[in-house]
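Chain by chain, the residues:
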Amino acid sequence: MYSFGMAGAGTGVPFHWHGPGFGEVVYGRKRWFLFPPEKTPHFNPDKTTLHWLYNDYFHIPPSDKPLECTLKPGQVIYFPDRWWHATLNLDTSVFISTFLG
């Protein structure tokens, strides 16, 4: 299944998990935060990723920080099955997600 989207800077998706897939940025930049399935992140599902970044992220001990990357146009990330992940659009972004299985 494919998903196509456009979103403004500062928007994103809070932590969630699902089956494996790929995320690709066509335009703009998107920051990803990932935790393995056994490491449930501490977050409020009613708050945005931007809120989490400004209010919670810097209180996480270094050994418990998520894996992170920033995708630029043409770059792709693979997210494994059941991995927690959240995204934050750093710019107005256009992106495609491909869900496997």
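### Some thoughts on the pairing of strand 4 (residues 30-35)
- The element strand 4 is extensively covered by neighbouring structure, given that five of its six residues are classed as buried.
- Of the pairings in the sheet, the one linking strand 4 to strand 5 (residues 67-71) comprises five bridges and is antiparallel in character. Bridging across to strand 5, Trp-32 finds its partner in Cys-69.
- Where strand 4 and strand 7 (residues 84-89) come together, six bridges link them in antiparallel fashion. Its bridge partner lying in strand 7, Trp-32 is registered against Thr-87.

### A word on the environment of Trp-52
- One can find Trp-52 in helix 1 (residues 49-55).
- Trp-52 sits in the buried class, given a relative accessible area of 4%.
- If we skip the residues at most four places from it in the chain, Trp-52 touches Phe-15, Phe-33, His-42, Phe-43, Tyr-57, Ile-60 and Pro-66.

### Quick notes on the nonpolar core
- Grouped together as the largest cluster of nonpolar side chains are 10 residues: Phe-15, Phe-33, Phe-35, Trp-52, Leu-53, Tyr-57, Ile-60, Trp-84, Ala-86 and Leu-88.
- The set of elements that each furnish at least two residues to this core consists of strand 4, helix 1 and strand 7.
- Counting residues per element, this core draws most heavily on strand 7, at three residues.
- Those residues in contact with Ala-86 that lie beyond four places of it in its chain are Val-13, Pro-14, Phe-15, Arg-31, Trp-32, Phe-33 and Thr-49.
- Counting six residues, the second-largest nonpolar core is a separate cluster that includes Val-25, Trp-32, Leu-71 and Ile-77.

### Examining unusual backbone geometry
- Of note in the backbone geometry, Arg-82 takes a positive phi value of approximately 65° without being a glycine.
- On the basis of relative accessible area, Arg-82 is assigned to the partly exposed category, the value being 47%.

### Topic: the sheet that holds strand 2 (residues 12-16)
- Spatial ordering of the open sheet is given by 2-7-4-5, a layout of four strands whose pairing is antiparallel. Every other strand in the sheet has two partners, leaving strand 2 and strand 5 as the edge strands with one partner each. On average, each strand axis in the sheet is inclined to that of its neighbour by 15°, with strand direction left out of account.

Calculation notes
- Residues numbered from 1 in each chain as written.
- Predicted model: local features only at pLDDT ≥ 70, side-chain atom pairs only at ≥ 80, totals over all residues.
- Heavy atoms only, no water.
- Buried < 20%, exposed > 50% of the residue type's maximum accessible area, 1.4 Å probe, protein only.
- Helix = DSSP H or I, 4+ residues; strand = E, 2+ residues; numbered from the N terminus.
- Pairing = 2+ DSSP bridges.
- Contact = heavy atoms within 4.5 Å.
- Core = buried A, V, L, I, M, F, W, Y, C linked by side-chain atoms within 4.5 Å.
- Axes fitted to C-alpha atoms, helices over the stretch in contact; angles between N-to-C directions.

Any link to function would need more than the numbers given here.
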